[in-house]
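Here is how the chains run, residue by residue.
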Amino acid sequence: MEDPVQEGVASPATSGTGKSKLETLPKEDLIKFAKKQMMLIQKAKARCAELEREIEEFKSKPVAGGTDNIIKALTERLDAILLEKAESEQQCLCLKKENLKMKQEIEDSLTKMGDMHREFEQSQRNYVKEIENLKNELMAAHSKHSEDKARLQKELEEATKKQLELSEQLKFQSDCEDNVKKLQEEIQNIRPVFEEQILYLQKQLSTATNEKEQEITHLQEVIEANSQHYQKDVKSLQEELLQLKAAHQEEVKDLMCQIEASAKEREAEKSNLNQLENVVRQCEASENIQEKSECELQNLENAPDADHENRMCPMLLQEEAFVEQVVNEKIKHLENTLKELESQHSILKDEVTYMNNLKLKLELDAQHIKDEFFHEREDLEFKINELLLAKEEQSCVIEKLKSELEDSNKQFCYTVEQHNKEVQSLKEQHQKEISELTETLFSGSEKEKLTLMFEIQGLKEQCENLQQEKQEAILNYESLREIMEILQTELGESAGKISQEFESMKQQQASDVNELQQKLRTAFNEKDALLETVNHLQRENEKLSQQELVPELENTIKSLQEKNEVCLVSLSQRDTMLQELEAKIRSLTEEKNDIISKIKTSSEEMENLHKKCEREERLIIELRGKVEQTSHYNSELEQKVNKLTGELEETLKENDQNNQKVEKLMIQLKAVSEDQEALSSEVKSLYEENNRLSSENSQLNGDLEALLSQKEGDVKLKEHISELEKKLQLTVAERDNLSTLFENEQVQKSFVKTQLYGFLKQMDSKVSEENEEQDIVNILRTVGESLAKINEEKQNLIFQYDERMTELEKKIKCLQKENVVQHEELQSLLRDHEQEKVLLRKELEETLSHKEALQSDLLEMKNANEKTRLENQNLLSQIEEASKNLHSKNETQNEREQSFVRELENLRLSLEQKEAELQDMRAEFLLLKDSLEKSPVENDQPSLVKELEEKIGYLEKESKEKEEKISKIKLVAVKAKKELDSSKKEVQTLREELESVRSEKDQLSTSMRDLIQGAESYKNLLLEYDKQSEQLDVEKERANNFEHHIEELTRHLRNSTFQCEKLNSDNEDLLARIETLQSNAKLLEVQILEVQKAKAVADKELEAEKLQKEQKIKEHANSVNELEELRLQLQKEKKQLQKTMQELELVRKDAQQTTLMNMEIADYERLMKELNQKLANKNIKIEDLEQEIKIQKQKQETLQEEMTSLQSSVQQQEEKNAKIKQLLVKTKKDLADSKQAETDHLILQASLKGELEASQQQIEVYKIQLAEITSEKRKAHEQLKTSADQHQRTLSAYQQKVTALQEECRTAKAEQAAIASEFENYKVRVHNVLKQQKNKSVSQTETEGAKQEREHLEMLIDQLKIKLQDTQNNLQINVSELHTLQSEHDTLLERHNKMLQETVSKEAELREKLCSIQSENMMLKSEHAQTVSQLTSQNEVLRSSFRDQVRHLQEEHRKTMETLQQQLSKVEAQLFQLKSEPTTRSPASSHQPLKNLRERRSTDLPLPDMYTITREEGEGMETTDTESVSSSGTHTQSLEQLLNSPETKLEPPLWHAEFTKEELVQKLSSTTKSADHLNGLLRETEATNAILMEQIKVLKSEIRRLERNQEREKSVANLEYLKNVLLQFIFLKPGSEKERLLPVIDTMLQLSPEEKGKLAAIAQGEEENASRSSGWASYLHSWSGLR
């Protein structure tokens, strides 16, 4: 009995369910009820006292033997009854105590429930507020969306306008193309004139080449004659050279051996500085020896014998071969440079591909990490769910609830911390792995380089991501430029044919020139050799002064020198020509390679960028979808929470109503049970009642458990709410992750943001970058305004551009007309000056020869200069390496010294400490010795002395060891100082060497300055080149402006595409909303079905109640019939009584007459007594029947009240049904409206899609048109540029020609004037000569000779003039080519500078972005920390509030217990008073009515068991119809029964003389009745307790089942996964694999612990037979129909 009661105490019932009638009564009624109870108890006590008195009287009176046996039996019975009474009183006291405890606990639970309800209401209000805020935000978002839509439409209209303007521009460009065609036709007309000029030039060239060939043949004959003389000399010189080389090599080998030996000695003996100095001296000596040997070799080469002059022919041939080798080497060098450039290009490509691969790998790693994180998070969620289930199973008792709540909070915090730690550890591990990989791959200095490289790569990747838009625009521009270039090539092909023909002529000339150059080079080499031989001969001239060949040799040498000088001049000219041509070829090849590489890279980058753009767009769309899904999910969760709260409130209200109904029914049942208990009096029914009461006790326990589970259900609801909050937090965390991803993408597009802010600043908009997140809407508005302003500005610029284009076209037309006029004039001038060109060419050739000689000298000087520079660099590099090594050595030695010094200091300090300790110890030792001497010797002191001596010895050992260490360190320090001194000496020697090298460098720099002065003339030419490059820059700026314009157009296009994407996302949002509406409709349908099910259940219950009602009516009718029969019997007996009375009177009359009749009278008197007794019994029966009639009437009234209540409940349910039907109709209407809206929306969507597709097609068409326009525009621009460049070149050429011709005219005029003056002089002389001829006829022969000489001289002058003209023409051509080359050089330099500037600016921007990203990251971290702190504070607040609530409940429970105890004490006091007041009542009742009553009671008892039967439900059912019947099983509460039962039946009749057996039996029956009442009370209380406990258990199981259903609905969303898991579980063999699937099935199906145990047994293979029989019914909850 105690265990269920304790359980009931541990879990008090809620307010709605286990309340009895007493608890619902007010205080005044309770007091009245208690008083009545006290009166009844006093009466019972009085009866007991009377019975005891009677028994004592019976004992005192001596009665017959039969009576003695009866008295003994009665006394035995009385003793047993008294014992039972004492036991029952003890049980009553225990029950009272338990009742008080229960009441206190109930009051505590009520207070707790009240607090819980308040908290729930507060949370509900908060949720309502949050929902309102969300609605407001939704409204704001809708308004923003509509505004954005309007803006987009406006921008679309503006785009259409722009497209119309672009179509007009297309027409304009088509007109430009017509003009270009006209120009081409004019070029074709000019071509034949140029061809005629070229033919004339070719003829002139052929004549010139013939003349040159004749001169060359003559020179070759002379050279061959000379070469034969010099061959012999060369051979002898070669032999001597070989000997000298052999000797030199031997010397070099010896020197190398010495150097190696010295190097080994230097490595072996680093500390000895003297040996190093010796080695340095030896090195210097070896270098001097080498220089001497080189000088000797040069002298030997420059000193050939003069005797063998005729042996020089093979030497010349070798020199010719050498010249060819030089040319081949140059070509090879050029090819090598080309290959190197190509290899560099390929390396750069490989690097780019490597970088891309790296980026992809990193992205894949990041995705992999995200997936792993997601899986881990799911696993953690599963674990958390399992823990929560375990907690729910364990949380049965209220005392454990507090600790479990705290543990769960701690575990939650711990899991969050663990999760964060795991995430951090994963991040750290990932970073460590990356760092370890990088460390293993690279070591030392390569690590630093690689770290820098990775940083650069990261920055590059960011740069690439940020500049994708820019690159796309650039790529579009490049594609358009390529189209323009193709058109230009097509135009250039027509002009290129002319240039090709001209170039073919040039090539022929160049080939001739090359041949001449080669010959001249050979001659030049011969000249060098001859000069060397001449020097040698001059030295030997002094020895061979006696010989006769000296004057002849001198003459030949002079002639050869003159010829050599002429050849050198021509060779130098040809060299310059060659170099220029080579430079041109290089530049052209480099440009070609650059263009090809750019095209390839651009195409590849285009493809990569397109792919990246598509990926990013997909990612953005996916992220938006996820964000929308999360928002929808949040809104749905909030709606569900609101619905759940509403349903909870409704269920609570229904519970209250049901409780009220139950209480009414209970009142009725109590009335019926009171009637029945009044009739029951047999002893046999005690056993039955015992059994019934034990069952009721178990039911009460169940009810108690149900009440506890209800309480726990409320707690679990709170836990469920907290779980929802946790899930919300998780969704918030997911949203944060998404926001971080979104921010990363925003960081990638921060370049666009910076541009936006720049625009906004230009537009004077007050937007700060700091309040970026707060004022996004304002920023968007300002951006929109700025965009509108920019569009207006763009339109103005377009109009200005159109106006400029028209002006330029007009100017071009004017220029074309001017060009035509100029062309005609120049053609006439060309015809006049062609004759003069022939004369100038001859002069040019002479000047070129001089120029070539000068250039050859310059080249020689440059080569020498380069050699000296290289030597200087080598020396400097060696010196720097030596200085670095010394520095490193010095630094290492310094570090060592510092470390040694630190160690010395540390050791000194430790020594000092130890010495101080030693001194202290010695002082202590001395003190101890003194104390020992003074004090008497004890046993402990020698041990102390020994310990101190040991310590002193140990300290002395330590000091000795440390002194040894210090001595070692000092030795090391001395060695280090010696090494430092030696290194310092080395440094001084090296510094001296450096100073000597610097002095040499200064000398070389002075020689270089002289060369630089010669190069200043070249700089002057470069200045002119710079001026022309500036003009080119101006034109390039124009081109850049056009490019910017195109970029703006592309941006517009992108904006339009972005707007289209926005519209698509809006459509997706609307579709999602429609889906949510459909899901809501489905939920409503499900709710309707649930309501219908509830209605069916209610109907069934109504039918059951009607059946009960009919049974009760039948019973009432039977009881009425019995009453009528009893009345008839009464009437009959009354008649008999009257007859007997009459007979008695007659008998009395006869008795008076006769005495014999006295005996008979006595007999009659006895009969009369008996009859009186019968009458009294019948009267009692009549009274009982009247009471029964009253009870039946009361029953009838209660049944009528029940009928009315049932009718009202039926009406209420009908009203509810009507409301539900109305709701159904409304929902159907809403569904229809939503479907109509959906269809309208779909139609709108289709139309919008059609419009979108049309607009996209239009955009694509416009894009194509734009591309065509831009290509045509660029073509036109490039044609304009080329034509302008050509015009400028022709103008400059013509201006140069004009100036040259003007100068020629002036010179011609001056010559003409001089000739005229000479002619006049000549006339005078002729007159004089004629006069003299008359006198002298002998001088005729002399005049003829003079004429011939004059004619010869004139011819020479003409030839020289022609050469001069040629040379001048060549000079002009060379100058023009120089200008072009310089312009190209300048353009390349500018490009290089621009690229450098752009890279620098990009780096700066990227750094700024990095800083901003880091700051944002810090902000996010701080926000995260704040949120964590807020959550912890909230958790603590909730804990404190819950504890306060528990305390309040406990206090209220205590108060209620105190009040109940006071009332009990009052009742007990009243009981004692009643016992003290004795009352005399004679019990007179027979066994038959008692038996009848007991039989009736036994028959009527099983009726209320209908209410105790709990209907089982399947887990799949949505509604819970379990009603908490706290006291339905209890038929009567004894106090109420005693109140309602009439007092007459317990009172004895008024007339009695003596105590008969019957009277004693009646007294016994009354005492047994009172004992029965007490036992009944006990059993009823036990039964109520059992029922309550059973109800609690049922409620707990129901709540858990509902929670599992809710969780199962969430987890069963993925049915395919569940199917696969179940199939695996079925088909797998029992073992570890099946056991692994158990947690998955548990989390998905939310199984109960029993089901879990069964599944575990099946998985282990224990219950195979059971599983065969049961199947899946063991896993799934049984439906109501199955059992």
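The rules we used
Residues numbered from 1 in each chain as written. Predicted model: local features only at pLDDT ≥ 70, side-chain atom pairs only at ≥ 80, totals over all residues. Heavy atoms only, no water. Helix = DSSP H or I, 4+ residues; strand = E, 2+ residues; numbered from the N terminus. Buried < 20%, exposed > 50% of the residue type's maximum accessible area, 1.4 Å probe, protein only. Areas by Shrake-Rupley, 256 points an atom, 1.4 Å probe, with all protein chains shown as cover. pLDDT = per-residue confidence, 0-100. Contact = heavy atoms within 4.5 Å. Patch = residues over 30% accessible without salt bridge, like charges linked within 9 Å, V, L, I, M, F, W, Y side chains within 5 Å. Salt bridge = Lys/Arg side-chain N within 4 Å of Asp/Glu carboxyl O. Polar contact = N/O pair within 3.5 Å; in protein donor to acceptor, adjacent residues only side chain to side chain. Axes fitted to C-alpha atoms, helices over the stretch in contact; angles between N-to-C directions. Left-handed = near helix turned anticlockwise from the far one by under 90°. Nonpolar A, V, L, I, M, F, W, Y, C, P; charged D, E, K, R; others polar. Parallel < 35°, antiparallel > 145°, perpendicular 65-115°, else oblique. Core = buried A, V, L, I, M, F, W, Y, C linked by side-chain atoms within 4.5 Å. Lys, Arg positive; Asp, Glu negative; His and termini not counted. Charge placed at Lys NZ, Arg CZ, Asp CG, Glu CD. Phe/Tyr/Trp six-rings, centres within 6.5 Å; stacked < 30°, edge-to-face > 60°. Lys NZ or Arg CZ within 6 Å of the ring centre and 35° of its normal.

**Considerations on the overall build of the chain**
Stage number 1. Helix and strand content of the chain: 24 helices and zero strands.
Stage number 2. Split into buried and exposed, the 1683 residues of the chain put 30% on the buried side.
Stage number 3. Looking at the chain as shown, the accessible area adds up to about 110000 Å², and 54% of this sits on carbon and sulfur atoms.

**Details of the confidence of the model for the chain**
Stage number 1. Confidence in the prediction of the chain, expressed as mean pLDDT, is 76, and 80% of residues score 70 or more.
Stage number 2. For the chain, the element scoring lowest by mean pLDDT is helix α18 (residues 1505–1508), at 38; helix α16 (residues 1340–1476) scores highest, at 88.
Stage number 3. In the model, residues 1–19 has pLDDT below 50 throughout and makes 54 contacts with residues more than four positions away in sequence or in other chains.
Stage number 4. Note on residues 1663–1683: pLDDT under 50 across the span, and 33 contacts to partners over four residues away in sequence or across chains.

**Quick word on a nonpolar patch on the surface**
Stage number 1. Residues Leu 452, Met 453 and Ile 456 make up a contiguous nonpolar surface patch of about 270 Å² in total accessible area.
Stage number 2. Within the secondary structure, Met 453 sits in helix α8 (residues 445–466).

**Regarding the pattern of salt bridges**
Stage number 1. Within the structure shown, the criterion is met by ten salt bridges.
Stage number 2. Between Lys 1361 and Glu 1311 there is a salt bridge, with the nearest N and O atoms lying 3.6 Å from each other. Of the two residues, Lys 1361 sits in helix α16 while Glu 1311 sits in helix α15 (residues 1157–1335), which places them 50 residues apart along the sequence.
Stage number 3. You can call Lys 1361 partly exposed: its relative accessible area is 27%.

**Some thoughts on the side chain of His 1453**
Stage number 1. Note that His 1453 resides in helix α16.
Stage number 2. Judged by relative accessible area, which is 5%, His 1453 ranks as buried.
Stage number 3. A distance of 3.5 Å separates a polar side-chain atom of His 1453 from the backbone nitrogen of Glu 107.
Stage number 4. When neighbours within four sequence positions are excluded, His 1453 is seen to be in contact with Lys 101, Met 102, Lys 103, Gln 104, Glu 105, Ile 106, Glu 107 and Asp 108.

**Regarding the packing of helix α21 (residues 1615–1627) against helix α22 (residues 1632–1645)**
Stage number 1. Here α21 crosses α22 at 145 degrees, and the two axes come no closer than 10 Å. Of the two possible hands of crossing, α21 and α22 adopt the one that is left-handed. The segment α21 lies against α22, with Tyr 1617, Leu 1618, Val 1621, Leu 1622, Gln 1624, Phe 1625 and Ile 1626 engaging Lys 1634, Leu 1637, Leu 1638, Val 1640, Ile 1641, Met 1644 and Leu 1645.
Stage number 2. Looking at the contact of α21 with α22, its residues break down into twelve nonpolar, one polar and one charged.

**Focus: the packing of α22 against helix α23 (residues 1649–1660)**
Stage number 1. Across the interface, α22 lies against α23 with an axial gap of 9 Å and an inter-helix angle of 155 degrees. In terms of axis orientation, α22 runs roughly antiparallel to α23. Remark: the crossing between α22 and α23 carries right-handed chirality. From α22, Lys 1634, Glu 1635, Leu 1638, Ile 1641 and Asp 1642 reach across to α23, where they touch Lys 1652, Leu 1655, Ala 1656, Ile 1658, Ala 1659 and Gln 1660.
Stage number 2. Partitioning the contact of α22 with α23 into residue classes produces six nonpolar, one polar and four charged.

**Remarks on the nonpolar core**
Stage number 1. Counting 15 residues, the largest nonpolar core has Leu 700, Leu 704, Leu 1588 and Ile 1592 as the members making the most contacts within it.
Stage number 2. Within the residue set of this core, elements represented by two or more residues are α4 (65–268), α11 (684–748) and α20 (1557–1611).
Stage number 3. In terms of residue count, the dominant contributor to this core is α20 (seven residues).
Stage number 4. Core analysis: the second largest hydrophobic core is formed by 14 residues, Leu 1637, Leu 1645, Leu 1647 and Leu 1655 among them.

**A short note on a negative patch on the surface**
Stage number 1. A surface patch of like charges, here negative, comprises Glu 912, Glu 915, Glu 961, Glu 963 and Glu 964.
Stage number 2. Contributions of two or more residues to the negative patch are made by α13 (776–934) and α14 (940–1153).
Stage number 3. Sorting elements by how many residues they give to the negative patch places α14 first, with three residues.
Stage number 4. Counting through the fold element by element, Glu 963 comes out in helix α14.

**Here's the deal with the packing of aromatic side chains**
Stage number 1. Scanning the model with the defined rule gives zero aromatic pairs in all.
Stage number 2. Geometry around Phe 1625 places Lys 1634 over its ring, the cationic atom sitting 5.0 Å from the centre.

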